[in-house]
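# Structural overview
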Amino acid sequence: MNFQEYNQQQNWLFPPSIEELIPADHPVKVVNGVIEQLNLDLLISEYNKEGKPSYHPKMMLKVMVYAYMDNTYSSRKIEKAMRENINYMWLSARQVADHNTIARFRSKRLKTIFKDIFKQVVLLLADEGLVTLKEVFTDGTKIESLAGRYTFVWGNAIKTRKQKMASQLEEMWQYAQSIAEEEDKDPTPPDFKKIDKQKVEQTARKINKILKDNPRASTQKKAKLRYIEQNFAKNLEKYQQQEEILAGRNSYSKTDPDATFMRMKEDHMLNGQLKPGYNVQISSQSQFVIHYTLHQQTNDIHTLKPHLESFEYLYELFPEQLTADAGYGSEENYEYLEQNEITAYVKYNTFDKDEQTYKSKKKKKTSADFQRDNLHYNEQGDFYVCPMGQRMEKVFERRQTTKSGYSQISSVYRAQNCRGCPLRGVCHKSKSERTVQRNHTLERYKDMIRKRLTSAEGEKKRKKRTADVEPVFGHIKSNRNFKRFTHKGIKKAELEFGLHALAHNLRKKVA
Ligand code: SF4
């Protein structure tokens, strides 16, 4: 038999350095090279000057970022890798931090300053010509929180319970008044539309005064009053605390109050059930993540403004061009983009439908021909002309406020006389004259966006959007299997996504 020599006791004459054992183009070398170029003053300022010397933040950062590139997220696994894996050993100069130190570094030291590190890496990529901050593609995805899936608190359920309590209290009040002696009767009942702890206690006291020792009061009603006294004020206090946590949302999870119940794309239970999670927004460029933010709102429409505000805060500039899907098209967003001189390639919700209608020029008259957008609008005279040639004059303006507090104004136009009109059956279903509504500001934006999106540049952007931002989510969620946060609370979840986004950028740089 002929074998190569195998001797575990063989010593090296000149022991090699670990660095020599790692290929020059290995991803760990990219992580090392990139982090060596960063200014870590902010990270260093997170440490105390006093006490036992800590592991060097540069070393800890290199290890943490490489771990995310290597799909190693648990602090125990990172500790193990520092002990056993040559790449980690090289980065850490063979120091081994225990899992508590690693967890503390991630959740305490990085929490507030990580975005600065992320920004510096993006700017390095920009210096290398791999990305530009001028043009971004924005999109969002929902990622499940670590919270329990059945730990919901619903805003609507709280409202319903409060209404039920108010009506029970009112019922008791009226009963008490019906059996009260003349001197105990109160002609001014409390306002039961809005109840609070104090009002409940006061009202229950008054009812009790009437029912107590009153021979006409039924035992059943007295028991009900006891239930009200024991539970209502206590429950109202609990609901008030829950409403403070909700802060305008319709739900939150008891085990991660920052998480909102949302519909997830990845529904492993296949039952369409809402799950606690966060709405992750990113702006990408050439499939690199340029910026990321986490939101508690389920609808993308309300996330664009805070996402861009945060972009501007981080980079001290706005992107010059932004492309996004119809989920972001609203008057408020178009106005914000225009005010900040961002050229918007953002569809409005009926853009695709409108395009199809224009293309398929139907010959036969259908009810679609009677839709408002197919009626003639005279801009100079500010009136519509209905299909029978009647002038539809402006009758009033309607002001509406969106969920985010943005105020919209629409003009309402009314036909003069629809009685006896042969087209009435296909024109409208209203009992009186037909009215149409027009939001002039929104129409102006839609017109501008339609022209922009149907231009050669617009077509290019629309195609590029699907190949730019969507693959980033595909890569992070499917290829890297990041479908659920492993930390609770929006700040920690944002840091966690940031580490994934940075790891994604460095992987892309290596590729
Ligand atoms: S129903 Fe009224 S609005 Fe419609 S076409 Fe006839 S007159 Fe005009």
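Everything numeric in this text was worked out from a predicted model, so none of it was measured. (Residues numbered from 1 in each chain as written. Predicted model: local features only at pLDDT ≥ 70, side-chain atom pairs only at ≥ 80, totals over all residues.)

## Description of the overall build of the chain
When you go through the chain residue by residue, the secondary structure sums to 19 helices and 13 strands. Its C-alpha atoms give the chain a radius of gyration of 32 Å, more than 25% over the compact-globule value 24 Å for 511 residues. Expressed as lengths along the three principal axes of its C-alpha atoms, the size of the chain is roughly 105 × 80 × 55 Å. Classification of the 511 residues of the chain by burial places 30% in the buried group. In the chain, of all internal contacts separated by at least 6 residues, the share reaching a separation of at least 24 is 65%. (Helix = DSSP H or I, 4+ residues; strand = E, 2+ residues; numbered from the N terminus. Rg over C-alpha atoms; globule rule 2.2 N^0.38 Å. Buried ≥ 20, exposed ≤ 12 C-beta atoms within 10 Å, placed from the backbone. Contact = placed C-beta atoms within 7 Å.)

## Considerations on the sheet that holds strand β11 (residues 391–401)
One open sheet holds the five strands; their spatial order is β9-β10-β11-β12-β13, and the pairing between them is antiparallel. Strands at the two margins of the open sheet, each flanked by one partner only, are β9 (376–378) and β13 (435–438). Neighbour-to-neighbour, the strand axes of the sheet open up by a mean angle of 35°, direction not taken into account. Strand direction decides the pairing type here: β9 and strand β10 (residues 383–385), joined by three bridges, are antiparallel. Across the sheet, the residue bridging to H376 is V385, located in β10. (Pairing = 2+ DSSP bridges. Axes fitted to C-alpha atoms, helices over the stretch in contact; angles between N-to-C directions.)

## Quick notes on helix α12 (residues 304–315)
Each α-helix turn comprises 3.6 residues. Residues three or four places apart therefore point the same way. With 12 residues, α12 extends 16 Å from end C-alpha to end C-alpha; this agrees with the ideal 16 Å at 1.5 Å per step. Of the positions making up α12, those classed as buried are L304, H307, L308 and F311. For α12, the arc enclosing every buried residue in end-on projection is 90°, short of the 170-degree limit, so these residues lie on one face. The secondary structure elements touched by the buried residues of α12 are β1 (135–144), β5 (275–285), β6 (288–295) and α13 (331–339). The positive-phi residue at the C-terminal boundary of α12 is E316, with phi of around 60°. (Expected span 1.5 Å × (residues − 1). Arc of directions from axis to C-beta.)

## So, the nonpolar core
Grouped together as the largest cluster of nonpolar side chains are 74 residues, with contacts concentrated most on V63, M64, V65, Y66 and L502. With nine residues, the top contributor of residues to this core is helix α4 (residues 57–69). In this view, V63 contacts I78, M82, Y88, L91 and S92; residues no more than four positions away in its chain are not counted. One finds L169, A204, L211 and F232 within the second-largest nonpolar core, a separate group that totals 14 residues. (Core = buried A, V, L, I, M, F, W, Y, C linked by C-beta atoms within 7 Å.)

## A word on the environment of K483
Inspection of the secondary structure assignment puts K483 in the loop between α18 (470–479) and α19 (490–510). On the basis of neighbour count, K483 is assigned to the partly exposed category, with 15 C-beta atoms found within 10 Å. C-alpha separation for the pair K483 and E266, spaced 217 residues apart in sequence, amounts to 8.1 Å.

## Section: the site of the ligand
As a matter of local geometry, the ligand sits amid C386, P387, M388, Q390, A415, C418, C421, L423, R424, C427, H428 and R434. Split by residue class, the shell around the ligand holds eight nonpolar, two polar and two charged. (Near = placed C-beta within 6 Å. Nonpolar A, V, L, I, M, F, W, Y, C, P; charged D, E, K, R; others polar.)

## Let's talk about the environment of V96
Within the secondary structure, V96 is located in the loop between α6 (86–91) and α7 (99–109). V96 sits in the partly exposed class, given 16 other C-beta atoms within 10 Å. Separated by 100 residues in sequence, V96 and D196 place their C-alpha atoms 56 Å apart. With sequence-adjacent residues up to four places away left out, V96 is seen in contact with E79, M82 and R83.

## Thoughts on the domain arrangement of the chain
Split into domains, the chain comes out as domain 1 (18–110) and domain 2 (153–252). The C-alpha centroid of domain 2 is placed 59 Å from the C-alpha centroid of domain 1. (Domains from an automatic or database assignment.)

## With respect to the pairing of strand β8 (residues 343–346)
Residues in a regular strand point their side chains to alternate faces of the sheet. Bridge analysis of strand β7 (residues 321–324) against β8 gives four bridges, and the strand direction is parallel. The residue bridging T323 from the neighbouring strand is Y345, located in β8. Crossover β7 to β8 through α13 is right-handed. (Right-handed = clockwise from strand over helix to strand, strands pointing away.)

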